[in-house]
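Structural overview
These are the residues of each chain, in order.
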There are 2 protein chains.
Amino acid sequence: SSYQAFVTLATNDNYAKGAMVLGRSLRNHHTTRKLVVLVGPQVSDPCQSVLKKLYDEVRLVDVLDSGDTAHLAMMKRPDLGVTFTKLHCWTLTHYSKCVFMDADTLVVSNIDELFEREELSAAPDPGWPDCFNSGVFVFCPSMATYDRLLQYSTEHGSFDGGDQGVLNGFFSSWSTADISKHLPFIYNLSSIAIYTYLPAFKQYGANAKVIHFLGQTKPWSHTFDPKTRQVRGEGAQDVAASHSSFLLDWWTLYSAEVVPMLQGHYGDQPF
Amino acid sequence: SSYQAFVTLATNDNYAKGAMVLGRSLRNHHTTRKLVVLVGPQVSDPCQSVLKKLYDEVRLVDVLDSGDTAHLAMMKRPDLGVTFTKLHCWTLTHYSKCVFMDADTLVVSNIDELFEREELSAAPDPGWPDCFNSGVFVFCPSMATYDRLLQYSTEHGSFDGGDQGVLNGFFSSWSTADISKHLPFIYNLSSIAIYTYLPAFKQYGANAKVIHFLGQTKPWSHTFDPKTRQVRGEGAQDVAASHSSFLLDWWTLYSAEVVPMLQGHYGDQPF
Ligand SMILES: O=c1ccn([C@@H]2O[C@H](COP(=O)(O)OP(=O)(O)O)[C@@H](O)[C@H]2O)c(=O)[nH]1
Ligand SMILES: O=c1ccn([C@@H]2O[C@H](COP(=O)(O)OP(=O)(O)O)[C@@H](O)[C@H]2O)c(=O)[nH]1
Ligand SMILES: [Mn+2]
Ligand SMILES: [Mn+2]
């Protein structure tokens, strides 16, 4: 299991904050696996320093670097910028198996059992449940798969403009082939599902293992008052709804365990 | 296959209209299976007469009738009234296999291939996709199963107050046991999914086989002007959205093929 890792991605300082909280939450729940974060060149030095404390490996990925094989693909499909960066996780061939997690996810329980699953395992997407959500997935790094993925996305593009469309197009038998590749929804519980089917959330939500803050508004889009423990946001209704307890969990972890690390690097500068 | 049937349920005249459209749409797509509708005692005589023309079998179910085994269960769980009525479909033991369809569904293509599936096959629910949606499901009538279902619902109730909660509790291995029991989402395409993940709908929606108008607002909650071919509703935004083309399909079928049958029975009375 030393050849297994959790992998995330942050191309800017906002998503880097998400990656910090995610990394911290994985450590807090005592994962025995390595932690890897792919960072884009826009992530600031102080953020990279904090990430280095939380992650075993901080790997710079730059698809605009013409030495990269994704560069050519990127020139043909400039719309798929971050997507090509995410696909880079397949190049981590010094690991035999990995779990990719979006930087806007939060682990609320140990999830090392995910490494028993095979490529490509993922949870269904609420909304169009024959698609898997690409915020959490089990995969096996391989340059051959990476090359085929780049070729696929260059040729077919992405039906939703992002990595989820590409990955569902490529791993197109997910919905029909093998039930063991369907991760339980509690491994990728989108906050969106709480509103759409509240009774199911009340029935099954207590078993949540990973919360995914998918959609426009991210935890870091809000502000937080540590004294009153109040999260405030622009979309007041959004926040008011019942997933605010998970949002509070995110902010509690961020302010208690991540902010002090950032302060150590930024000093008195705002961040 | 003469022992196989599509089954729906209507406890009042509004849902009866839905059942008429559903029955018509199954016939229009040349099903070779029998059509059965369970009706409650509140369905008016003219509606029952129209249903008799469209369905091979119109069966009265009345869970308030103390001769019924559901009566006792019902006395203990009055909150589950319509749910117990829906469970009655398991008593149709003169068929070996059936497909239940909500009265708010519309068939847009022949779906007889569903009879190749086993009990309990259903499509995932958008919203909480580890639950199946109980608007379309394959089942095998059996008094033993019926009794166990009544007992289960009396003891455990329904986590969502309806049949979907009961059936997901009872057939609880659906999400983990057998991929062949996962019907493709296009066999139960909830209009809701169109908004939540429009790119997926654009990619896969053309293959839709069954549309499900789930939620508060039903096709019959709207009004329709056959001359301008405009659907109007209270929730103007709801209607404006992209599923209005399916809503138009429903109304086109209703006004062209069902209304004339109703007029034959109601004469000049409003209905
Ligand atoms: O500008 C961006 C956008 C996305 N991401 C990464 O790609 C993932 C997927 O994007 P996002 O979570 O915003 O999509 P959603 O889950 O809301 O569909 C993020 O979690 C990050 O890991 C990133 O690093 N920079
Ligand atoms: O008053 C009612 C409510 C429901 N139903 C039947 O039960 C199904 C499930 O209810 P509904 O479709 O309203 O639930 P939804 O799909 O919106 O969750 C309906 O399609 C009908 O077949 C009925 O006959 N009378
Ligand atoms: Mn995400
Ligand atoms: Mn329905």
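Residues numbered from 1 in each chain as written. Chains lettered and ligands numbered in written order. Predicted model: local features only at pLDDT ≥ 70, side-chain atom pairs only at ≥ 80, totals over all residues. Heavy atoms only, no water.

**Some details on the packing of aromatic side chains**
All names here are of chain B. Our working rule: Whether two aromatic rings pair depends on their centres lying within 6.5 Å, for rings of Phe, Tyr and Trp, where Trp uses its six-membered ring; planes under 30 degrees apart make the pair stacked, over 60 edge-to-face, and the rest tilted. Only DSSP runs of H or I reaching four residues or more are called helices, and only runs of E reaching two or more are called strands; each is numbered from the N terminus. Buried residues are those whose accessible area, probed at 1.4 Å on protein chains only, stays under 20% of the maximum for their type, while exposed residues exceed 50% and partly exposed ones sit between those limits.
Counted under the stated rule, the structure contains 42 aromatic pairs over all chains. Ring geometry for Trp 220 versus Trp 250: centroids 6.1 Å apart, planes at 55 degrees, classification tilted. Pair noted here: Trp 220 is in the loop between β9 (210-212) and β10 (223-225) and Trp 250 is in helix α11 (residues 244-266), with a separation of 30 residues, a long-range link. Residue classification places Trp 250 among the buried positions, given a relative accessible area of 0%.

**Details of the relation of the copies chain A and chain B**
For clarity, the cut-off: Copy-to-copy superposition: least squares on the C-alpha atoms, limited to residues that have pLDDT of at least 70 in both copies. By definition, residues are in contact when any of their heavy atoms lie within 4.5 Å.
With an RMSD of 0.0 Å, the operation that places chain A on chain B is a rotation of 180 degrees combined with a shift of 0.0 Å along the axis. Both copies are brought into coincidence by an operation consistent with a two-fold rotation axis. Looking at the interface residues of chain A, 97% of them are also at the interface in chain B, so both copies use one shared face.

**Digging into the sheet that holds strand β3 (residues 57-60) of chain A**
Residues and elements named next belong to chain A. Short version of the rule: For two strands to be treated as a pair, DSSP must find no fewer than two bridges joining them. Where helices are involved, their axes are fitted lines through C-alpha atoms of the stretch in contact, as for all axes, and angles between N-to-C directions lie from 0 to 180°.
Spatial ordering of the open sheet is given by β3-β2-β1-β4-β7-β6, a layout of six strands whose pairing is mixed. At either margin of the open sheet sits one strand with a lone partner, and together these are β3 and β6 (121-124). When strand polarity is set aside, the average angle formed by the axes of neighbouring strands in this sheet is 25 degrees. Where strand β1 (residues 4-10) meets strand β2 (residues 34-39), six bridges bridge the pair, whose relative direction is parallel. Looking at β2, one finds that Thr 8 is bridged to Val 37. Those strands touched by helix α1 (residues 13-28) are β1, β2 and β4 (97-101), and its axis lies near 160 degrees from that of β1.

**Some points on the interface of chain A and chain B**
Rules: We define buried area as the total accessible area lost by two parts upon association, computed with a 1.4 Å probe and summed across both. In what follows, salt bridge is the name for a side-chain nitrogen of Lys or Arg lying within 4 Å of a carboxyl oxygen of Asp or Glu. We call two N or O atoms a polar contact when they sit within 3.5 Å, provided that within protein one can donate a hydrogen and the other can accept it, with sequence-adjacent residues counted only if both atoms are side-chain atoms. For this scheme, ten residues count as nonpolar: Ala, Val, Leu, Ile, Met, Phe, Trp, Tyr, Cys and Pro. Four count as charged, namely Asp, Glu, Lys and Arg, and the remainder, Gly too, count as polar.
Facing the 31 residues of chain A at the interface are 30 residues of chain B. Summed over the three residues of chain A that lose the most area to chain B, namely Trp 128, Ile 179 and Tyr 197 of chain A, the buried surface amounts to 31% of that side. Inspection of the chain A/chain B interface yields zero salt bridges. At the boundary of chain A and chain B, one finds six residue pairs in polar contact (both at pLDDT 80 or more). Across the side of chain A that touches chain B, the residue classes break down as 18 nonpolar, nine polar and four charged.

**Focus: α1 of chain A**
Residues and elements named next belong to chain A. The line we're drawing: Expected span of a helix: the number of residues minus one, times 1.5 Å.
Under the 1.5 Å per step criterion, the end-to-end length of α1 is 22 Å for 16 residues, consistent within 8% with the ideal 22 Å. Residues of α1 that are buried sit in contact with β1, β2, α2 (45-54), β4, β5 (105-107) and α11 (244-266). Near the N-terminus of α1, the side chain that reaches the backbone nitrogen of Asn 14, with its oxygen 3.1 Å away, is that of Asn 12.

**Brief notes about the site of ligand 1**
Residues and elements named next belong to chain A. The criterion, for reference: One heavy atom within 4 Å of a molecule or strand makes the whole residue count as near it. Throughout, the Shrake-Rupley method with a 1.4 Å probe supplies accessible areas, and for residues the shown protein chains are the sole cover considered.
Residues in close proximity to ligand 1 total 13 residues, the closest being Leu 9, Thr 11, Tyr 15, Gly 215 and Lys 218. In the environment of ligand 1, an oxygen atom lies 3.0 Å from a nitrogen or oxygen atom belonging to the backbone of Ala 103. At a separation of 3.0 Å, an oxygen atom of ligand 1 approaches a polar side-chain atom of His 212. In isolation ligand 1 exposes 510 Å². Once the protein is present, 77% of that is buried.

**A closer look at the packing of helix α1 (residues 13-28) of chain B against helix α2 (residues 45-54) of chain B**
Residue and element names in this part refer to chain B. Definition in use: Our angle categories are set so that under 35 degrees counts as roughly parallel, over 145 as roughly antiparallel, 65 to 115 as roughly perpendicular, and the remainder as oblique. By definition, turning the near helix anticlockwise from the far helix through less than a right angle yields a left-handed crossing, and turning it clockwise yields a right-handed one.
Here α1 crosses α2 at 15 degrees, and the two axes come no closer than 10 Å. Taken together, the axes of α1 and α2 are roughly parallel relative to one another. As for the relative orientation of α1 and α2, their crossing is left-handed in sense. Residues Asp 13, Ala 16, Ala 19, Met 20, Arg 24 and Arg 27 of α1 lie in contact with α2, whose contacting residues are Cys 47, Val 50, Leu 51 and Leu 54.

**As for the site of ligand 2**
Residue and element names in this part refer to chain B. By nearness alone, 13 residues border ligand 2, and Leu 9, Thr 11, Tyr 15, Gly 215 and Lys 218 come closest of all. Alone, ligand 2 offers 510 Å² of accessible surface; in the complex the protein occludes 77% of this. When the residues that make up the shell around ligand 2 are grouped by side-chain class, the tally is six nonpolar, four polar and three charged.

**Some remarks on the state of the cysteines**
Defined as follows: In plain terms, two cysteine sulfur atoms within 2.5 Å form what is called a disulfide here.
Inspection of the entire model under this criterion finds zero disulfides over all chains. With no disulfide of its own, Cys 131 of chain A lies closest to Cys 89 of chain A among cysteine sulfurs, the gap being 18 Å.

**Things to note about α1 of chain B**
Within an α-helix, residues lying three or four positions from one another point in the same direction, as the helix has 3.6 residues per turn. All names here are of chain B. Those residues of α1 not exposed but buried are Ala 16, Lys 17, Gly 18, Ala 19, Met 20, Val 21, Leu 22, Gly 23, Ser 25 and Leu 26. Where α1 is buried, its residues touch β1 (4-10), β2 (34-39), α2, β4 (97-101), β5 (105-107) and α11. His 30 sits one or two residues past α1 and shows a positive phi near 55 degrees.

**Points about the coordination of the manganese ion (ligand 3)**
Residues and elements named next belong to chain A. Heads up, the rule is: Atoms of type N, O and S within 2.8 Å of a metal are treated as its donors, and for Na, K and Ca the window is 3.2 Å; water is not considered, so some sites may appear to be missing partners. Here a site with four donors is tetrahedral if all angles are between 85 and 135 degrees, and a site with four or six donors is square planar or octahedral if opposite donors are over 155 degrees apart and the other angles are between 65 and 115; anything else gets the irregular label.
The coordination sphere of the manganese ion (ligand 3), as far as protein atoms go, consists of Asp 102 (OD), Asp 104 (OD), Asp 104 (OD) and His 212 (NE2), spread over 2.2 to 2.3 Å. Given six donor atoms and angles of 57 to 173 degrees at the metal, the environment of the manganese ion (ligand 3) is assigned as irregular. Each donor residue of the manganese ion (ligand 3) belongs to the same chain, with the gaps between them written as D-x1-D-x107-H. Assigned by exposure class, Asp 102 and Asp 104 land together as buried.

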